[in-house]
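Single-letter residue listing:
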Amino acid sequence: MRSRPLTRLPCLLAGALLFAGGGASAAPSSERGFPLIQTYEPALQEAGTQSFGITRDPRGVLYIANINGVLVYDGAWWRLIPVGKGKTAFRVASDAEGRVAVGGNDEIGYLRPAADGTLGYVSLVGLLPPEQRRFGQVLRLEPAAHGFVFTTVRSILTWDGTRVATVATSSGERPYPDVFRVGADDFCWTARDGISRLEETRLVPVPGGDAFRGRRVDQILPANGGLLVSVRGEGLFLLKAGTSSPFSPQGSRWAAARRVLEGLPLPDGRWALGSVLGGVLLLRPDGEVDQVIDSMVGLPDDFVSGLVLDREGALWISLNNGLARVEVASPLSVIDRRSGLQGIVYALARHHGVLWLGTPAGLFTLGTGEPAAGGGPVRALPAPPGMPTAVWSLLPAGDDLLVGTAFGVYQAHGGKARLIPGTDQHTTFALMRSGHDPERVWMGTDGGISALRREGARWRLEGTIADGPGDVRTIVEGGDGTLWYSTNSDGVVGVELPAGWPGTGKPRLRRVRGLEENAGLLRIGDRILAASDDKVLRLDEAKGELVADPDLASLGGHGQLNRLAAGPGGEVWLNTTPPSMAPRAGRGWARERRSLVEIAARDTEILHVEPDGVVWLATDKGLYRYETTAPGREAALPAPLLAQGTAGGRTLFSGVAAGARPPSVELPPYLRRLRLEFAPLSFRAGLRYQTRLDPVDADWSGLSPEPFTELTRLPPGDYTFHVRTLGPNHEMAQETSWPFRVRAPWYQAPWAFVLWIGLALAALTGYARLRSRALRQRAARLEARVAEQTLELRHTVEELRHAHSGLAAANARLEELSLRDELTGIANRRHLQQVLDAEWDRARRLGTPVAFILLDLDFFKLLNDTRGHREGDLCLQSVAAHLDKTLGRSGDLVARYGGEELAVLLPDTDLPGARELAERLRGGIERLAIPHAAAPLGHLTASFGVASMVPVAGQRPEILVEAADRALYRAKTEGKNRVSTLWDEGPAAQLAAARAGA
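Residues numbered from 1 in each chain as written. Predicted model: local features only at pLDDT ≥ 70, side-chain atom pairs only at ≥ 80, totals over all residues. Heavy atoms only, no water.

J.: Quick question: what am I supposed to make of the overall build of the protein here?
T.: Helix and strand counts for the protein stand at 10 helices and 71 strands. Counting only C-alpha atoms, the protein reaches 135 × 100 × 50 Å along its principal axes. Of all 998 residues assigned to the protein, the portion counted as buried reaches 52%. Mean positive and mean negative side-chain charge positions of the protein (112 and 112 charges, respectively) differ by 3 Å. (Helix = DSSP H or I, 4+ residues; strand = E, 2+ residues; numbered from the N terminus. Buried < 20%, exposed > 50% of the residue type's maximum accessible area, 1.4 Å probe, protein only. Lys, Arg positive; Asp, Glu negative; His and termini not counted. Charge placed at Lys NZ, Arg CZ, Asp CG, Glu CD.)

Now the structure itself:
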C-alpha cells in the first residue's frame, strides 16, 4: 500500500501514548497486515505476459484473455487456445452454464469442445451481415440472461446461443458505450442517454440514470439495492431510488486519480476496484478504504485489466504484465518490511492493548500510521528515540514493559526506558513473571538464570543462580516452586531454591534426562510440556525426567519443532514446518492437525495466541496474523478434473469443457504407456493426489504432489481409473472416474481361434502324409547311407558342442543385460537388490557396516516439462555416468532406483565415509552445470539421503533403504541440493537405532 513515510512527530506521540499508564488491555479490533499475494507466470513459451481480462467457469477453471489467445488454467496445467486470425483475446466471460465467450479485434466467438472434449475457438462473426463485421475491438464482454453481450468500438452485440443481434451502434468515436453486469441485470451507459437497463435487445431508461449523461462511466457495481457508479475524473457515486449522490470521499479521490477499469463485489460486502494506474482498491460497505493492493505491496504491475474470485474466495487479477492471486478472504495476513517492520521478530507482547514487537533493529508497535494513509494494513511503528535495540524478550509487568536486550534489561514506562543496573553483562533471551512471588521476574540469559525484584516504581537485580548452564530460552515454574528452564545446547535444567533465597543458601540444580537438545517448555494446566526434534514429552517433576505421555503422542511425529503455544480452547500450536495446530481431544490432542501451508517460511521463532483466538507467528518471512474465528475460511475441495490423456504419442482428450466428460476409448493391446493428467480445480497450497486403477489396485495409492500418473504394460481388459484430491488439513474431494478398454490382440479374437483350429487340422493331415512318404524313402536309402550318416553324426556332435558353448555365452550376456538399466547403462533395481542382499548377509556375519545412498534430481519434473523428456533422459545419463566414474572401489555399486532416483551401495562403509562420498557426488553433479532454467540455481542439482548401519540378526536390508529414503525426504524438505542423514551418532548409537527400527 502506498503511503507517505512516517514522520518523527507521530512516532513520538504514539510512543508516549503507548507507554502511558492505565488504559484497556484488550487487543484492537483490527491489526490485519498485508494479504498473501502469489504471482503466476504461465508455463507456456507461446503465452504472452500481457493479459486483458479474466473469468472462471462454474467448475473453477480460469480463462485469461491473453495477447496470444485464451489461456486456460485448471490449478495444475496451462493451455493456450488461439483466437481467430488476430490470435489476441481482449475479453472473456463465462455464464452459469459454463459457456465461455471470447472477444478479440473484429472477432467474437466462444469456446466449444470437440468430440474428444478438447476445447477450441468457434467464431460468431459469420452470423453478422458482411457490412457489420468490421466492428473493431471488443471493449467489454458480459454474460446476459440468455447469452452474452459484446461491447465493441462501433456497436453493442448480443448472442443468445443461436443468433447475433445488434442492440445499438455508435460513430466509433470516444466515448464508447459500455455494458456492465450487475447481479442478474445488464446496465448500459451511453454519453447521450446516461445509464439504461438492457432488456433482451432493448435499452430501458433507469430512474436517475440521466444524471450521468455526458459523463464517462467506467464501472457500475451493485450497492445495497442501488448502484455504485465510477465516473472518470470525478470519483464514486451511489445511484439509488432515482437519486445520485457522492460516495466515499477517500475512495472517490483514489478512483478519480487512477481511473477505475474493473470492479467486483466481494462476498463480505466489500468492493474490489481495479484501476489503470493504481492496482486494486478494496472498499468497505461504509465507504471507508480497506486497503490498496498495488506494485508497492507485491503486484507485478499496476494496470488491472480483469478481476475474478476463485472458489476459495481469493481474488485473481489479470494485469498488463502478469497474473496475481490475492488472499482477500483469508484469515492470514502478514506484517513485514512493507509495513515498516525491520528484522525478524524475536519477542512479542501485548501491553495496555498495544502489540509490541522486539527485533534486532529495536522496538516496534502496531498502529495505523498517519491519518492520510487511509486505513489499510496495520503499520509497524518504531519506538521513540532512546528505546533499546537488539531486543530478545518482552514482558508486561503492571504499568511497566520490561525489555530484554543484548545490552541488558530495560524498564519502559511513560515514554522513557531505563536500564536496570547490573543487567548489562548478558543478553536476556527470556523474561517470566513468577507465579509464587508477583514482585519477582525471572531472567533467562546467555549466562544463566537471574531474578529481578520490584521495589516501588523501580526494578533491581535481586540475584543470580550460579553454576547453571547458560543460553536460557524458555522458563516455567513448577507446582512446588521449582524453576525449570531450557537451554540452547544443554537441554532442560531444574532449580530448587532454598526458602528466603537469595542469601539463605545455594540453589540445587537438577539435570533433566530425556532430551539433550534445545527444547521449548510450556505449562498447560498441571502439566509441563517440552518440545524438541519431532517429540513432545511431559516433565515428571518428581523424578526430574522427560517422559513419553500417551496423551501427548499425537503432538509429535510431524517434523522438527521446539516451540509450543496454548490457545483459549485448549488447542496447541506448534512451530513445525509449516506451523500447525492440534485441537484438544479429551486429556490429549487430536492426531489430525490444521496446518498453515500458506506460510512459506522455514523457521518460526514465536507462537503467541491471544485470548480472542488471534495467533501471531513470527517467522523468517515476516510476522503472520491468523484469525482462528474468521468465518468461511475454506471451501470444499471439488472433484479433480481429468485434464489430458495421452497414449503412445496420441492425445485421447485435452482441456475438457464444462459439462463434458473425457470420452471412453479403446486402446491398442499391451499399450506401453498411458499418461493421465489431472487438475484439482483449486488453488490452495499443499494439495496431494491419490489414484486407483480397477481391477488392478486393491486400494488407493500413496499421496503424491504430482498431478499426473503413468500406467504401463496393461494387459487386455476393461479398466476404470479413479483419482481424488486431498488437502493439507485432511480435506478429501469426491473422486473422478474414467473407464477405458485395452483390446485383445488380433490373434486372440474368436475368429482367430477358429482359423487356428482349421490350420492345425490341415497341418496334421499334411504332416501325416508327408511323414509316411518320407519314411518309405528313408528306409530304402538307410543301408546305403549308414557310413555317410556316421560321418555326419560326428560333424553334428562337434557342431552341437560349439552351439552349446555359444548358447552359454548368450545366456550369460542375457543375464548381464537383465541386470542393467536400459537408459543409463548402470545397474538396475533388480541387480541392486541382489547385491544388497548378499552384502547385507556378509556384513552381518563379519560385523561390518553397510552404507546406502539414495539421491533424487531436484525439480526434474520441471526439466521434463520445460525441455522435454529427451533432455531429461540425457541428464539422467550424464548423472549416472558421473556417479559410476566417481566410485573408486570395485565392490561399490551405483544403480537406477526408479524415475529420477539413483542409489549407491557401499559395503564396509560407515556413516561419515558415506556422507563424505555423497557430498563429493553432490558437488560433482552441481559442477556438471547441466542447464535447468526452471531450477533456482539455473542448473541441475540433486538431494542425497545417506544411511549406514551394522546389520544384526533378524533385520532385513529394507530398513537401511528406508532410513536413506527418510534422510532424502529431509534433504528435500530442508531446501534441496544437500546431503542429509538420520543418524549422526557413532556405531553404537546406530546399532541401537537400527534395533529400535526393527
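Next comes the rest of the account.
J.: Help me understand the nonpolar core, please; the structure alone is not making it clear to me.
T.: Core analysis: the biggest nonpolar cluster contains 33 residues, and Val280, Leu315, Ile317 and Trp573 have the highest contact counts within it. Of all elements in the fold, only strand S24 (280–283), strand S26 (304–309), strand S27 (315–319), strand S28 (322–326), strand S29 (332–335), strand S56 (604–609), strand S57 (614–619) and strand S58 (622–627) reach the threshold of two or more residues within this core. The residues contacting Ile317, other than those within four sequence positions of it, are Val280, Leu299, Val304, Gly306, Leu307, Gly322, Leu323, Ala324 and Val326. Counting 29 residues, the second largest nonpolar core, distinct from the first, contains Leu855, Val879, Ala880 and Val979. (Core = buried A, V, L, I, M, F, W, Y, C linked by side-chain atoms within 4.5 Å. Contact = heavy atoms within 4.5 Å.)

J.: Even after reading the chapter, I still don't get the sheet that holds strand S3 (residues 62–66), so can you show me in this structure?
T.: The strands making up a sheet associate through backbone hydrogen bonding, with each pair oriented either parallel or antiparallel. Reading across the sheet, the 4 strands line up as S2-S3-S4-S5 and stay open at both edges, with antiparallel pairing between neighbours. Every other strand in the sheet has two partners, leaving strand S2 (51–56) and strand S5 (78–81) as the edge strands with one partner each. Strand after strand, the sheet turns through a mean of 20° between neighbouring axes, direction not considered. As paired strands, S2 and S3 are joined by 5 bridges and run antiparallel to one another. Residue pairing across strands places Gly53 opposite Ala65, the latter belonging to S3. (Pairing = 2+ DSSP bridges. Axes fitted to C-alpha atoms, helices over the stretch in contact; angles between N-to-C directions.)

J.: Even after reading the chapter, I still don't get the pattern of salt bridges, so can you show me in this structure?
T.: Opposite charge on two side chains lets them pair, provided their charged atoms get close. Tallying each qualifying case throughout the model produces 60 salt bridges. Between Arg59 and Asp57 there is a salt bridge, with its nearest N and O atoms 2.9 Å apart. Here Asp57 falls in the buried class, since its relative accessible area comes to 1%. Salt-bridge contacts for Lys506 lead to Asp467; the nearest nitrogen and oxygen are separated by 3.1 Å. Of this pair, Lys506 sits in the loop between strand S44 (492–496) and strand S45 (508–511) while Asp467 sits in the loop between strand S41 (458–465) and strand S42 (472–477), and the two are 39 residues apart along the sequence. Under the relative-accessibility criterion, Lys506 is labelled exposed at 64%. One continuous salt-bridge network, built from bridges that share partners, spans Asp310, Glu312, Arg325, Glu327, Arg684 and Glu731. (Salt bridge = Lys/Arg side-chain N within 4 Å of Asp/Glu carboxyl O.)

J.: Looking at this structure, how should I read the pairing of strand S30 (residues 347–351)?
T.: Residues in a regular strand project their side chains so that they alternate between the two faces of the sheet. The buried fraction of S30 amounts to 5 of the 5 residues, a majority that puts the element mostly inside the structure. Here S30 shows two buried faces, one formed by Ala347, Ala349 and His351 and the other by Leu348 and Arg350. The pairing of S30 with strand S31 (residues 354–359) spans 5 bridges and is classified as antiparallel. Bridging from a neighbouring strand, Ala349 pairs with Trp356 of S31. Count of turn residues in the S30/S31 antiparallel hairpin: 2 residues, of which His352 carries a positive phi of about 55°.

J.: It is not clear to me how the side chain of Arg379 should be interpreted in this structure. Could you clarify?
T.: Note on placement: Arg379 falls in strand S33 (residues 379–382). Given a relative accessible area of 17%, Arg379 falls into the buried group. A polar contact is formed between the side chain of Arg379 and the backbone oxygen of Arg338, at a distance of 3.2 Å. (Polar contact = N/O pair within 3.5 Å; in protein donor to acceptor, adjacent residues only side chain to side chain.)

J.: Just to check I follow, could you spell out the environment of Asp116 for this structure?
T.: Mapped onto the fold, Asp116 is located in the loop between strand S8 (108–113) and strand S9 (119–123). The sequence separation of Asp116 and Leu676 amounts to 560 residues, and the corresponding C-alpha distance is 14 Å. Non-local contacts of Asp116, meaning those with residues more than four positions away in its chain, are made with Leu652, Phe653, Ser654 and Pro663.

J.: I keep staring at the side chain of Asn864 and nothing clicks. Help me out?
T.: Take Asn864: it is sitting in helix H6 (residues 860–867). Residue classification places Asn864 among the buried positions, given a relative accessible area of 15%. The contacts of Asn864, once residues within four sequence positions are left out, are His869 and Gly872.

J.: What is the right way to read the packing of helix H7 (residues 869–886) against helix H8 (residues 911–928) from this model?
T.: Helix packing geometry: the angle between the two helix axes and the distance between the axes. At a minimum axis separation of 10 Å, H7 and H8 run at an interaxial angle of 140°. Considering their axes alone, H7 and H8 lie oblique with respect to each other. Crossing of H7 over H8 shows right-handed handedness. Facing H7, whose interface residues are Ser878, Val879, His882, Leu883 and Thr886, H8 presents Leu917, Arg920, Leu921, Gly924, Ile925 and Leu928. (Parallel < 35°, antiparallel > 145°, perpendicular 65-115°, else oblique. Left-handed = near helix turned anticlockwise from the far one by under 90°.)

J.: Even after reading the chapter, I still don't get the packing of aromatic side chains, so can you show me in this structure?
T.: Here the distance between the centres and the angle between the planes together describe a pair of aromatic rings. All chains considered together, the criterion is met by 20 aromatic pairs. Taking 6.2 Å as the distance between ring centres and 65° as the angle between the ring planes, the aromatic pair formed by Tyr73 and Trp316 counts as edge-to-face. One end of the pair, Tyr73, is in strand S4 (residues 69–73); the other, Trp316, is in strand S27, with 243 residues separating them in the sequence. Like Tyr73, the residue Trp316 is buried in the burial classification. With centroids separated by 5.0 Å and ring planes inclined at 25°, the aromatic side chains of Trp738 and Phe740 adopt a geometry described as stacked. Judged by its relative accessible area of 1%, Trp738 is buried. Taken together, the ring pairs in this structure connect Tyr40, Tyr73, Trp78, Trp316 and Phe683 into an aromatic cluster. If you follow Arg338 out to its NZ or CZ, it ends over the ring of Phe34, 4.5 Å from the centre. (Phe/Tyr/Trp six-rings, centres within 6.5 Å; stacked < 30°, edge-to-face > 60°. Lys NZ or Arg CZ within 6 Å of the ring centre and 35° of its normal.)

J.: I keep staring at the sheet that holds strand S49 (residues 545–547) and nothing clicks. Help me out?
T.: Taken together, 4 strands build an open sheet; the order of strands is S46-S47-S48-S49 and the sheet is antiparallel. Edge positions in the sheet fall to strand S46 (520–524) and S49, since each has one partner strand and no second. This sheet shows a mean twist of 35° between the axes of neighbouring strands, independent of strand direction. As defined by bridge partners, strand S48 (residues 535–540) adjoins S49 across 3 bridges and the pair is classed as antiparallel. Within the sheet, the bridge partner assigned to Leu539 lies in S49 and is Leu546.

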